[in-house]
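# Breakdown of the fold
What follows is the residue order along each chain.
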Amino acid sequence: YHSIEAGQKTTWYGETNHAVGLIPIMVGVRNYLMSEYDSGFQPYLSLTAGPVVGMDAKQETGLVTTNETQTETTFGSRVGGGVDFLFTSWFGLEFDGGYIFMNDFKEPLNGQNNYNGWDASVGITFFRAL
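The structure reproduced in this document is the subject of the present report. What you see is a predicted model, and the numbers here were worked out from it, not measured in a lab. Chains are numbered independently. Their residues run from 1 in the order of the written sequence. Per-residue local features are limited, in this predicted model, to residues with pLDDT of at least 70; the limit for side-chain atom pairs, both in listing and counting, is 80 or more; totals at the level of whole chains, interfaces and linings are taken over all residues. Side-chain metrics in this entry use all non-hydrogen atoms of the structure; hydrogen atoms and water are not considered.

### Considering the pairing of strand E6 (residues 91-102)
- Buried residues are those whose accessible area, probed at 1.4 Å on protein chains only, stays under 20% of the maximum for their type, while exposed residues exceed 50% and partly exposed ones sit between those limits. Only DSSP runs of H or I with at least four residues qualify as helices, and only runs of E with at least two residues qualify as strands; both kinds are numbered from the N terminus onward. The alternating pattern of E6 places Gly92, Glu94, Asp96, Gly98, Ile100 and Met102 on a buried face, while none of Phe91, Leu93, Phe95, Gly97, Tyr99 and Phe101, on the opposite face, is buried.
- Between any two strands, at least two bridges found by DSSP are needed for them to pair. Relative to E6, strand E5 (residues 66-86) is paired through 11 bridges, and the arrangement is antiparallel. By the bridge assignment, Phe85 is partnered in E6 with Leu93.
- Between the end of E5 and the start of E6, which pair antiparallel, lie 4 residues.
- Alignment of E6 against strand E7 (residues 117-126), held across 10 bridges, turns out to be antiparallel. Pairing of Leu93 across the sheet is with Ile124, part of E7.

Structure follows, in structure tokens:
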């Protein structure tokens with residue numbers, strides 16, 4: 001889940017909370033650049049593609065409370081890379097980054113049709129030999 005933006009606005013007549021988020025549901029491949037070397041350092045390049053679900057949620061409170069939620073889906077892809085640091089044969093730490101490309105949403109989410117951009121993540125990796 002990628003949180004794109006969130007905000008809160010308070011005025012004399014009430015309060016508005018707003019959040020936009022993306023959920024990429026992508027499948028892809030990784031190419032480990034040093035797989036022939038038996039080391040704990042494994043850099044890779046990755047390419048993924050699939051649907052991207054965008055959600056826009058807004059709540060306004062005042063004399064009346066209103067909740068609005070909008071969901072849009074489009075197709076996207078991601079080009080990236082990273083490195084796995086292997087501590088044991090089954091456990092490691094992963095650093096990953098890339099750029100997400102996506103088609104425009106049919107209806108804008110918080111005034112934007114597209115959220116192309118950079119992303120980064122850190123993760124714990126568990127390996128299992130086949």
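### Quick notes on the environment of Pro108
- In this structure, Pro108 sits in the loop between E6 and E7.
- Residue Pro108 is classed as partly exposed on the basis of its relative accessible area, which comes to 35%.
- Considered as a pair, Pro108 and Thr71 are 37 residues apart in the sequence and their alpha carbons are 9.9 Å apart.
- Beyond its immediate chain neighbours, meaning those up to four positions away, Pro108 contacts Gln70 and Asn113. Whether two residues are in contact is decided by their heavy atoms: any pair within 4.5 Å suffices.

### Quick notes on the pattern of salt bridges
- Just to be clear on terms, a salt bridge is a Lys or Arg side-chain nitrogen sitting within 4 Å of an Asp or Glu carboxyl oxygen. Tallied over the full model, the rule gives 5 salt bridges.
- The salt bridge involving Arg30 is made with Asp84; its shortest N-O contact spans 3.8 Å. Remark: Asp84 occurs in strand E5 and Arg30 occurs in strand E3 (residues 27-32); sequence separation between them is 54 residues.
- The residue Arg30 makes a salt bridge to Glu94 at a minimum N-O spacing of 2.8 Å. Taken as a pair, Arg30 in strand E3 and Glu94 in strand E6 lie far apart in primary sequence, 64 residues in all.
- Overall, Arg30 belongs to the partly exposed group, its relative accessible area being 37%.
- Connected through salt bridges with shared partners, the residues Arg30, Asp84 and Glu94 form a single ionic network.

### Quick notes on the packing of aromatic side chains
- Only the six-membered ring of Trp is used, alongside the rings of Phe and Tyr, when aromatic pairs are assigned; centres must lie within 6.5 Å, and planes under 30 degrees apart are stacked while those over 60 apart are edge-to-face, with the rest tilted. Taken as a whole and judged by the stated rule, the model has 9 aromatic pairs.
- Between Phe87 and Phe91, the ring centres sit 5.9 Å apart and the planes meet at 40 degrees, which makes this aromatic pair tilted.
- What makes Phe91 partly exposed here is its relative accessible area of 26%.
- Aromatic pair Phe91 and Phe126: ring centres 5.6 Å apart, planes at 50 degrees, arrangement tilted. Here the residue Phe91 occupies a position in strand E6, and Phe126 occupies one in strand E7, the gap between them amounting to 35 residues.
- Clustering of aromatic rings is evident, with ring pairs tying together Phe87, Trp90, Phe91 and Phe126.
- A ring has a charge above it when a Lys NZ or an Arg CZ is no more than 6 Å from the ring centre and no more than 35 degrees off the ring normal. In this structure, Arg30 packs its charged tip against the face of Tyr44, placed 4.0 Å from the ring centre.

By themselves these figures say nothing about function.
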